[in-house]
Amino acid sequence: MEPISFLNIPTSPSIDKVGVEERVARFQTRSIKNESKRQGLKMVLSMIDLTTLEGKDTPGKVKQMCYKAQHLHDLHPGLPTVAAVCVYPSMVAVARKELKNASVKIASVSTVFPAGQAPLEVKITDTKFAVDAGADEIDMVISRGKFLSGEYNFVFDEIAAIKEACGKARLKVILETGELATLDNVRKASDIAIYAGADFIKTSTGKIQPAATMQVTYTMLMAIRDYFDETGIMIGMKPAGGISTSKLALHNLVMVKEILGDAWLNNHWFRFGASSLANDVLMQIMKTETGVYQSSDYFTID
Amino acid sequence: MAKQNKTESWEYAPSLEGTSHIQLKKKYDLFIDGKWVKPTSGKYFSSINPANEELLAEVAHANEADVDLAVKAARKAYNNVWSKMAPLERAKYIYRIARLMQERAREFAVIESLDAGKTIRESRDIDVPLACNHFFYYAGWADKLEYAFPNRKVESLGVAGQIIPWNFPLLMAAWKIAPALATGNTVVLKPAETTSLTALKLAEIIEESGLPAGVVNIVTGYGDTGAAIVNHPDVNKIAFTGSTAVGKIIQKAIAGTTKKSTLELGGKSANIIFDDAPIDQAVEGIVNGIFFNQGHVCCAGSRLFVQENIADKVIRKLKQRMESLYVGNPLDKNTDIGAINSKEQLETINKYIQIGKNEGAEIYQTKCDLPKKGYYCPPTIFTNVAQSNIIAQEEIFGPVLTIQTFRTVDEVIQKANNSPYGLAAGVWTDKGSRIFNLTTKLRAGVVWANTYNKFDPTSPFGGYKESGFGREGGLHGLNAYVKLN
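Every residue gets a number counted from 1 within its own chain, in the order that chain's sequence is written. Lettering of chains starts at A and numbering of ligands starts at 1, both following the order in which they are written. Only residues with pLDDT of at least 70 are given local features in this predicted model, and only at 80 or more are side-chain atom pairs given and counted; all residues enter the totals for whole chains, interfaces and linings. Excluding hydrogens and water, the side-chain values take into account all heavy atoms of the structure.

## Describing the nonpolar core
Note that soluble globular proteins tend to have their nonpolar side chains buried in a common cluster. Quick reminder of the rule: In this description, a nonpolar core means a group of buried Ala, Val, Leu, Ile, Met, Phe, Trp, Tyr and Cys residues linked to one another through side-chain atoms lying within 4.5 Å. Per-residue accessibility, obtained with a 1.4 Å probe over protein chains only, is compared with the maximum for each type, and a residue is labelled buried under 20%, exposed over 50%, and partly exposed between these values. As annotated, the domain borders come from an automatic or database domain assignment. The contact definition used throughout considers only heavy atoms, calling two residues in contact when any of these lie within 4.5 Å.
Within the largest apolar cluster, 111 residues are counted, with the highest numbers of intra-cluster contacts made by B:Met101, B:Phe135, B:Leu181 and B:Leu202. Counting contributing residues per domain, this core is built from domain 1 (27-265 + 467-484) and domain 2 (270-457) of chain B, each supplying no fewer than three. Apart from the residues within four sequence positions on either side, B:Leu181 is in contact with B:Trp82, B:Arg90, B:Ile94, B:Ile97, B:Val187, B:Leu211, B:Val215 and B:Val216. One finds A:Leu45, A:Ala135, A:Val155 and A:Ala274 within the second-largest nonpolar core, a separate group that totals 95 residues.

Here is the structure:
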């Protein structure tokens, strides 16, 4: 196969923000009730990348989160585990030790997350360190400064280089859409990431607002749709940051279903990057089972 | 490619809007002179739910004598009360009607969906709020007419006879009644025979609002009832929305009389997609343009023109999008396309689909299961269509789209204008200058740019050529109900 470079990827279509807002509003009027709600909520749980990305993270904190990842709410049997835990490279070894061979994956941010302001060699070293420590997935950030100054080739080549450094680990490419400002930019960055080798595209680091708005996620899902229609290759999607309620999570699933189809409705192809979503979903699940809301004190915080 | 996990399908469980809060009488009489009166003919007809063919209510069939009573009541109310009332007081009544409608919005929405087959999503989010807004908007004008028409003396016309269609029953009633009342006219309104119920519920609200008797009269019935209104010698103004064929009959009937008229008739509107358009939003605009309200929209974007170099992509994306449209029970909150309004209309639509096939156009319909009972038509598109195909010329008034391609701007302007109709058009392009170029050259009452089927009380609506004349909505809508000196 001919190596792909930025120069021969298709031109990104223009995006009309008003039209996107209207389309998104349509998804939000979908009414998810009863069995669909139960099924949807469990699906949401299984798609969560339980995340801690703080300067004050310690092995202790990560250990606790890894336990929570596998035991969301043991009082209620039959719940799935989350999809993955998401930590800094320095914590990957701790997580690997805790999770051993559990089905919960370990995702590590890399490329000098969240700003990404470092030379490529440092980013590659960062990535390899995380992979060697046992990360199954790498969440890299793109160089937004380069993107905004029009150096698309640079962004493309950087992603391709990190993809190579990932080896077997799956690569999620964080666009940090809150810094890209326009949906046109979001679409362009999505196309660059996908063609450069991303396995997943991801909205945000969670450090910048706005993060995973439905408009942004919609725009990225359309890029995935178009790429699939062109090539037959599936790309995953991970909205991250700002999705903290079950309702918003279900509306995201509605979007995935109606744009990409049921094939994407599993944690191999769709993830939520979130720290507080899980408990809200658990509360909703218990509500659908028991008919009453329980206080947040009945759900563990780890 | 990475291994794909086992996928299960995720379907939306039925999410039905409740009907326990609505009140429908078994039998509806005529609303004349502030009272419910039995029709002199003694005849009633059935209003059925097109989604399941069940009877909703019996509705009185007004004849000439009933219409005469209604016009007399309207005349009396005009002479004695309404034309003399201070404009600010008129406004208060109109505001009150608007607020009462808002309070009962949910009931209106459900009845509209039951009676007309339209989805609860649309009647809840579009029809009913817009109808309320028309009353609010025109209430505001009632005491400001001298500012609407500066340096002119504004007089009302008298009794307005209003005949409305079945596609937006309540909304059309609001479009007609609100400006007529605001300008000091009294009203005799006839809803369409398949969709009388929300107009009758509106009559209940009007009764509750304490509007003086006879200011608004609602007479239900068929075409003969409408003819009696049109031909009544004491009616000063005819406002009609409906088919071009009936519009022509009305024009003939009132020729030589002093009756003023506004006619809002059919359409075969062009929706034009250029290659620089935001393609996914344009596809959404195509869907809104033709599948909104089951395609029962006079300004539906039923003729799609796509620039040839992107035609394959647009059609592929359109088909994909169509597969995510849910057709079914109008009361399900997730239904995108409800029931066709009547058996007759379904037959008309199917006749045109057959014509399209016979003409050699390529048909594509979504693979959705239609309910066993009731009148349904899946979203349908025809590709390989030429301007000379019947299906590209005549109004189908259903969820049926014809797709033609074009190469240059001049060609598409010529083709878009090459129609006896001229109600609306849509233009999709990223280039502002191109939008302005087209809006000045397309002979259509409304031209939407990068959107479609957007309505607002402040914006005038109406057609060119066989799509009728006169404008409804906005400042222009007042003009249709006043005499200026």
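Here the narrative resumes.
## Structural notes on helix α11 (residues 311-322) of chain B
An α-helix turns once per 3.6 residues; consequently, residues spaced three or four apart project the same way. All names here are of chain B. Spelled out, the test is: Runs of E in the DSSP output that reach at least two residues are strands. Runs of H or I that reach at least four are helices, and both are numbered from the N terminus. Multiplying 1.5 Å by the residue count of a helix minus one yields the expected span of that helix. To be clear, the arc concerns the directions from the helix axis to the C-beta atoms.
Spanning 12 residues, α11 covers 16 Å between terminal C-alpha atoms, matching the ideal 16 Å at 1.5 Å per step. The set of residues buried in α11 consists of Ala311, Val314, Ile315, Lys317, Leu318, Arg321 and Met322. What you see down the axis of α11 is that its buried residues fit within an arc of 165°, all on one side.

## Thoughts on the interface of chain B and chain A
Definition in use: Here the quantity called buried area is the total loss of accessible area, with a 1.4 Å probe, experienced by two parts when brought into contact, counted for both. Every case where a carboxyl oxygen of Asp or Glu lies within 4 Å of a side-chain nitrogen of Lys or Arg is listed as a salt bridge. Here a polar contact means two N or O atoms within 3.5 Å. Within protein one must be a hydrogen donor candidate and the other an acceptor candidate, and residues neighboring in sequence count only if both atoms are side-chain atoms.
Contact residues are listed per partner, giving 40 residues for chain B and 41 residues for chain A. Carbon and sulfur atoms supply 45% of the area that chain B and chain A bury against each other, a total of about 3400 Å² over both sides. Interface area lost by chain B to chain A is led by B:Trp10, B:Tyr12 and B:Gln281, which between them contribute 23%. Inspection of the chain B/chain A interface yields seven salt bridges. Note that A:Glu22 is salt-bridged to B:Lys454, the shortest N-O span being 3.3 Å. The interface formed by chain B and chain A includes 18 residue pairs in polar contact (both at pLDDT 80 or more). A total of five residues in the side of chain B that touches chain A trace back to one element, the largest contributor, which is helix α10 (residues 279-291) of chain B.

## So, the packing of aromatic side chains
Using the following cut-off: Pairing of aromatic side chains requires ring centres within 6.5 Å, counting the rings of Phe and Tyr and the six-membered ring of Trp. Pairs whose planes differ by under 30 degrees are stacked, by over 60 edge-to-face, and all others tilted. In this scheme, the term charge over a ring applies when either NZ of a lysine or CZ of an arginine sits within 6 Å of the ring centre and within 35 degrees of the ring normal.
For the structure on display, the rule yields 22 aromatic pairs over all chains. When the ring of A:Phe228 is compared with that of A:Trp264, the centres are 5.3 Å apart and the planes differ by 85°; the resulting orientation is edge-to-face. With A:Phe228 in helix α10 (residues 214-231) and A:Trp264 in the loop between α11 (246-259) and β8 (272-274), this pair connects stretches of sequence that are 36 residues apart. Take A:Trp264: its relative accessible area is 2%, and that puts it in the buried class. Members of the aromatic cluster, each reached through a chain of ring pairs, are B:Trp175, B:Trp448, B:Tyr452, B:Phe455 and B:Phe461. Sitting above the plane of the A:Phe154 ring, A:Lys146 keeps its charged end 4.7 Å from the centroid.

## A word on the pairing of strand β3 (residues 105-109) of chain A
Residues and elements named next belong to chain A. What counts here: Here a strand pair is declared whenever DSSP counts at least two bridges between the two strands. Think of it like this: strands point away, you trace from the first strand over the helix to the second, and a clockwise trace means the crossover is right-handed.
Burial within β3 is extensive, with four of its five residues counted as buried. Strand direction decides the pairing type here: strand β2 (residues 84-87) and β3, joined by four bridges, are parallel. Residue pairing across strands places Val87 opposite Ser108, the latter belonging to β3. The handedness of the β2 to β3 crossover, carried by helix α4 (residues 89-99), is right-handed. For β3 and strand β4 (residues 137-141), the ladder comprises three bridges, and the chain directions are parallel. In the sheet register, Ala107 faces β4, and the bridge partner there is Glu137. Between the parallel pair β3 and β4, the chain is carried across by helix α5 (residues 120-132), and the sense of this crossover is right-handed.

## Examining the sheet that holds β8(A)
Residues and elements named next belong to chain A. In plain terms, the rule: As a rule, the C-alpha atoms of each element are fitted with a line to give its axis, helices using only the stretch in contact, and angles between N-to-C directions run from 0 to 180 degrees.
Taken in spatial order, the eight strands line up as β7-β6-β5-β4-β3-β2-β1-β8 in an open sheet, and their pairing is parallel. At either end of the open sheet lies a strand with only one pairing partner, and these are β7 (236-238) and β8. Neighbour-to-neighbour, the strand axes of this sheet turn through a mean angle of 25°, independent of strand direction. One ladder, built from three bridges, connects strand β5 (residues 170-174) with strand β6 (residues 200-202); its direction is parallel.

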